[in-house]
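# Understanding the architecture of this molecule
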Amino acid sequence: MSLLCAASDVRITLGDLKNAFQLQVSPSYSDDVTLTSLSDSLQSVTTGSLYMPSFEECGKANVCDIVGSAEKRGAYAALLPASLKEEETSQSFGIPVLFGDLDIDKIGSLIAGFAGHPADSMAVFAVCGSGATKAVMRIASLLHVLGNPTGVISASKSCSIDRDLNLSFPLTIADVYQTLSVLSEDGLSSVVICMDDETLTHTALTGVGIDVVGLTGEIPDYLCASECCDSSERIDSAQRSDSALSAPEQSSAFESAGTPRSDTDLERTQPINTDSNEAELNYMHVKWASDVLKKYGNGFSEITHVARADKDDAALVRSVGESAKEEDLKALAAAVAMAAAAGVRRNGIRDALRMSLKLDR
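The shown structure was predicted, so the numbers you read here are calculated from the model rather than taken from an experiment. (Residues numbered from 1 in each chain as written. Predicted model: local features only at pLDDT ≥ 70, side-chain atom pairs only at ≥ 80, totals over all residues. Heavy atoms only, no water.)

### A word on the overall build of the protein
Spelled out, the test is: To qualify as a helix, a DSSP run of H or I must reach at least 4 residues; to qualify as a strand, a run of E must reach at least 2; elements of each kind are numbered from the N terminus. Only protein chains enter the area calculation, which uses a 1.4 Å probe; residues under 20% of their type maximum are buried, those over 50% are exposed, and those in between are partly exposed. Here a residue-residue contact requires only that any non-hydrogen atoms of the pair lie within 4.5 Å.
Across its full length, the protein holds 13 helices and 15 strands. Here the protein holds 361 residues, and the buried ones make up 50% of them. Nonlocal contacts in the protein, meaning residues at least 24 apart in sequence, comprise 72% of its contacts between residues at least 6 apart.

In structure tokens:
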């Protein structure tokens, strides 16, 4: 992995990293050394890289040899565990070295900084559940027809619009940011990510802001168990969650990505549900989305919309794609629900869906 910053205006110094992550730098006068990329393997080290070997690598080989190999490939500095700081006096490093221990959130922040925070320029859709693979492609097609150049990150197929991406799965946090950086450079306004173990390692989405989570397939059994939580707690939580998701002052996924919107094309969705059964169901949906996001390293935030197809979404799909197979109808309905959660009016979704199905023939 190598996250190059040459395509952007991002330039990071050792002093920047020292101050941001409370690291120690040696020698102390190296603060002004400028880095242009981050590499976590010797093979990907290029001129100007900060080399960040894993803790396991540092334990298996002489650290001086590891840093020396990175230096020969062009690394300007290395980031090593804090425990090795005590051994510094007996080591001879040819390049500056940062010492410190970063948790997964800080690593995500570090990698995002080197990548130029690519997710900030795109609306990010993520899909989970048994039908995620099909739904990913359907929502990507729908977004594209709606005028949003869209990329896909999935073990079954990854692409930047129509250009296939050659990725090795499952993706690590570094791989995800590298891919997002490529999509951002291609000028894409949205990306759809399949959240499953074939596509992502755990914590791979750390630091990536998710705008819409699409749920497909059956609700996990553990959420249906009565001991999951008290019914009144479910209802109260659901109503609070719906309120946050439908707040008028909150921008939609497209608006946050800089895509123009007009009152005739977009509208707020997901009103508060007052029916107790509906509220309990909504609670389970939010809990499901939150748990999956947590698994892959992304906290459930106030900007995250949760979407799961309902009977209205299914009816809209059937009115347009009567000849579609049942399995495909479910994927299309999930795509409709996600587009609606992003703020697209149903009339616009219907027209885009009709066009999308024509293009698939």
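### What to know about the pairing of strand β13 (residues 190–194)
The line we're drawing: Here, a strand pair is defined by DSSP locating no fewer than two bridges between the strands.
Extensive coverage of β13 is indicated by the burial of 5 of its 5 residues. Both faces of β13 are covered, namely the face carrying S190, V192 and C194 and the face carrying V191 and I193. Of the pairings in the sheet, the one linking strand β9 (residues 123–129) to β13 comprises 5 bridges and is parallel in character. Counterpart to A126 in the pairing with β13 is I193. Looking at chain direction, strand β10 (residues 150–153) and β13 are connected through 4 bridges and run parallel. Within the sheet, the bridge partner assigned to T150 lies in β13 and is S190.

### Details of the sheet that holds strand β15 (residues 305–308)
Stated formally: Between N-to-C directions, angles span 0 to 180 degrees; the directions come from axes that are lines fitted to C-alpha atoms, helices contributing only their stretch in contact.
The 7 strands are arranged β12-β11-β10-β13-β9-β14-β15 in an open sheet whose pairing can be described as mixed. At either end of the open sheet lies a strand with only one pairing partner, and these are β12 (163–164) and β15. Against the sheet, helix α5 (residues 132–145) makes contact with β9, β10, β13 and β14 (212–216), and its axis sits at roughly 175° relative to β13, the strand it touches most.

### Regarding the nonpolar core
For the record, the criterion: By nonpolar core is meant a set of buried Ala, Val, Leu, Ile, Met, Phe, Trp, Tyr and Cys residues that side-chain atoms within 4.5 Å join together.
Counting 55 residues, the largest nonpolar core has L17, L50, L110, M195 and L200 as its most contacted members. Elements supplying a minimum of two residues to this core: α1 (14–21), β7 (77–80), α4 (104–115), β9, α6 (173–185), β13, β14 and α10 (276–295). Listed in part, the 36 residues of the second largest apolar core include L142, V192, V212 and A341.

### With respect to the pattern of salt bridges
Side chains bearing opposite charge may pair, as long as their charged atoms lie close to each other. Rules: What counts as a salt bridge is simple: a side-chain nitrogen of Lys or Arg found within 4 Å of a carboxyl oxygen of Asp or Glu.
Applying the stated rule across the entire model yields 8 salt bridges. Note that D328 is salt-bridged to R138, the shortest N-O span being 2.5 Å. With D328 in helix α12 (residues 326–341) and R138 in helix α5, this pair connects stretches of sequence that are 190 residues apart. Residue classification places D328 among the buried positions, given a relative accessible area of 17%. Linking R163 and D186 is a salt bridge whose minimum nitrogen-to-oxygen distance equals 2.4 Å. Remark: D186 occurs in the loop between α6 and β13 and R163 occurs in strand β12; sequence separation between them is 23 residues. Judged by relative accessible area, which is 36%, D186 ranks as partly exposed.

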